[in-house]
Amino acid sequence: MNSSVFSQIALAPADPILGLTEAFNADTNPAKVNLGVGVYQDGSGKVPILEVVREAERRWQQKEETKSYIPIDGVPAYNKLVQRLVLGENSEVMASGRALTAQALGGTGALKIGADFLKRFFSESKVYISTPSWENHRAIFEAAGFEVQTYPYYDPKTHGIEFDEMMSALKRLESQSIILLHASCHNPTGVDLSHDQWMKVVEVCRERKLIPFLDFAYQGFAVDPESDAFAVRAFAESGLQCIIANSFSKSFSLYRERVGGLTIVTADADETKRVQSQLKRVIRTNYSSPASHGAQVVALVLGDAQLRVQWLEELSTMRNRILAMRKLMVARLKEKGVERDFSFIERQCGMFSFSGLDLEMVRKLKAEKSLYIVNSGRICVAALNENNLDYICDAISEVVR
């Protein structure tokens, strides 16, 4: 027989997070816990369907009249509401026509079409991501054809930010370098810049003529949707052009619906039209047009005063449960005689914590305790609950002593 045309294709390495889930699913230990996957879980360990989502779906099912294609850039009402949520109800940027939004396939899809768009017009630019960053950031921009480098961010010794080193690095970047920034709830560290620090980053982007690309996947998981938008709005209102990728996977618990958006802030309304026309070309060659259902659900919630209040309440419940788990984990570790200071976990925000566990500890916890943690030591705090916390803390206390 002739050899297969695919015979030269090697087996790809497992995704560092999705591969971890595959190993977790194959584990027969009844006490196993997956602390790697980035999804919110409630107190019973389930990924919930929000009640406000159920109500919006009911309303949409009664309202929907066709299954025809939606526009290339998505549901128009959804795009307008995303802009209001991200940029603010009374945003001058919106009023002056200096922003455009395209519905995207989740936050990852937003990053992808943003990367492809930039490659068409800034092909010689380099992309800079934080050290560390979400694993897929590098992969997405490299797949678009960019050279990806890093800038300093997290200091494992202080569990804080190497801000002076970060600023020094940004000041050395070439004009039109693309800088990927985590607008809120930094993934994987859970450590965010202060408001003053953000304003300094805005200024250096202006001075060096950098292209800010903000990943805004966790709006509402730090303080609240308005407070968490500080960085995004600081860039938008500064007069700089910037790109914002947002997601409703976490804040609406709509993971499988793939609901996100890409917002680009331009110099004026005429530029908006030109940029929008080119972004549509990018989308057309990727997937033609996005799916309808998830975006219609989000639009119904954001556009209805009563549903919006209900969503904010449910979002607050999720956020507060994560905060409670942070505090409880630190307290339980201390109760179990762990001398290492884990109090920094309480100061972090969002779904993740850079736990400080090294690779040897992570591997031991997986092999001996069926605790599945990303090799970097990042844990998903949202996966903790009253039923598994003691087991997790007992296991950690054994490896850190």
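Scroll up for the structure.
Predicted, not measured: the structure shown is a model, and the values here were computed from it. (Residues numbered from 1 in each chain as written. Predicted model: local features only at pLDDT ≥ 70, side-chain atom pairs only at ≥ 80, totals over all residues. Heavy atoms only, no water.)

**Q** For this particular structure, what's the right way to read the nonpolar core?
**A** A general tendency of soluble globular proteins is for nonpolar side chains to be buried together. Judged by nonpolar contacts, the single largest core of 107 residues is most densely connected at V201 and F235. Among the elements that take part in this core, helix α13 (residues 305-335) stands out by supplying nine residues, more than any other. With near-sequence residues (within four places) excluded, F235 lies in contact with L181, W198, V201, V202, C205, P212, L214, L240 and C242. One finds F24, L118, I283 and V374 within the second-largest nonpolar core, a separate group that totals 34 residues. (Core = buried A, V, L, I, M, F, W, Y, C linked by side-chain atoms within 4.5 Å. Buried < 20%, exposed > 50% of the residue type's maximum accessible area, 1.4 Å probe, protein only. Helix = DSSP H or I, 4+ residues; strand = E, 2+ residues; numbered from the N terminus. Contact = heavy atoms within 4.5 Å.)

**Q** Mind showing me how you'd approach the environment of A331 here?
**A** Mapped onto the secondary structure, A331 falls in helix α13. For A331, a relative accessible area of 31% corresponds to the partly exposed category. Separated by 40 residues in sequence, A331 and A291 have C-alpha atoms that sit 44 Å apart.

**Q** Quick question: what am I supposed to make of the packing of aromatic side chains here?
**A** Geometry of an aromatic ring pair is reported as the spacing of the ring centres plus the angle between the planes. On inspection of all chains with the given rule, the structure shows 12 aromatic pairs. Geometrically, the ring pair formed by F24 and Y372 is edge-to-face, given 5.6 Å between the ring centres and 85° between the ring planes. Of the two residues, F24 is situated in helix α1 (residues 18-26) and Y372 in strand β12 (residues 371-372); the sequence distance between them amounts to 348 residues. Relative to F121, the ring of F117 has its centre 5.3 Å away and its plane inclined at 50°; by these criteria the two rings are tilted. Of this pair, F117 and F121 both sit in helix α5 (residues 106-121), four residues apart, roughly one helical turn. With relative accessibility at 42%, the residue F121 sits in the partly exposed group. One aromatic cluster is present, formed by Y78, F248, F252 and W311 through successive ring pairs. Its guanidinium or amino end placed over the ring of F146, K119 lies 5.0 Å from that ring's centre, counting from NZ or CZ. (Phe/Tyr/Trp six-rings, centres within 6.5 Å; stacked < 30°, edge-to-face > 60°. Lys NZ or Arg CZ within 6 Å of the ring centre and 35° of its normal.)

**Q** What exactly am I supposed to notice about the sheet that holds strand β9 (residues 242-247) here?
**A** Backbone hydrogen bonds hold the strands of a sheet together, and the pairing may be parallel or antiparallel. Read across the open sheet, the seven strands follow the order β2-β10-β9-β8-β7-β3-β4; overall the sheet is mixed. With partners counted over all chains shown, the strands left at the sheet margins are β2 (99-105) and β4 (148-152), one partner each. Across this sheet, the average inter-strand angle for adjacent strands is 25°, counted without regard to direction. Sheet topology note: the strand β3 (residues 127-131)/strand β7 (residues 178-182) ladder contains two bridges and is parallel. (Pairing = 2+ DSSP bridges. Axes fitted to C-alpha atoms, helices over the stretch in contact; angles between N-to-C directions.)

**Q** Would you explain the pairing of strand β10 (residues 259-265) in this entry?
**A** If a strand is regular, its side chains alternate between the two faces of the sheet. With respect to burial, β10 is a largely interior element, seven of its seven residues being buried. Of the two faces of β10, the one holding V259, G261, T263 and V265 and the one holding G260, L262 and I264 are both buried throughout. Pairing geometry for β2 and β10, over seven bridges, is antiparallel. Bridge pairing in β10 places Q103 opposite G261.

**Q** Explanation requested: the side chain of Q219 in the structure shown.
**A** Mapped onto the secondary structure, Q219 falls in the loop between β8 (211-216) and α9 (225-228). The class of Q219 is buried, set by a relative accessible area of 5%. Polar contacts involving the side chain of Q219 include one to the main-chain carbonyl oxygen of P225, which spans 3.1 Å. Those residues in contact with Q219, other than ones at most four positions away along the chain, are L85, V86, P225, D228, A229, S251 and L315. (Polar contact = N/O pair within 3.5 Å; in protein donor to acceptor, adjacent residues only side chain to side chain.)

**Q** I keep staring at α1 and nothing clicks. Help me out?
**A** An α-helical turn contains 3.6 residues, so any two residues separated by three or four positions project in the same direction. If you check which residues of α1 are buried, you get G19, L20, T21 and F24. Where α1 is buried, its residues contact β1 (33-34) and β12.

**Q** What exactly am I supposed to notice about unusual backbone geometry here?
**A** Trans is the prevailing form of peptide bonds, just as negative phi is the prevailing case for residues other than glycine. Each neighbour pair has its own omega, and for T131 with P132 the value is 0°, a cis peptide bond. As for its position among the elements, P132 is in the loop between β3 and α6 (135-143). P188 follows N187 through a cis peptide bond whose omega is 25°. Mapped onto the fold, P188 is located in the loop between β7 and α8 (195-208). Despite not being glycine, H159 shows a phi value in the positive range, around 60°. With respect to the secondary-structure elements, H159 resides in the loop between β5 (154-155) and β6 (160-161). For H159, a relative accessible area of 22% gives the class partly exposed. In this structure, S288 takes a positive phi of about 70° despite not being glycine.

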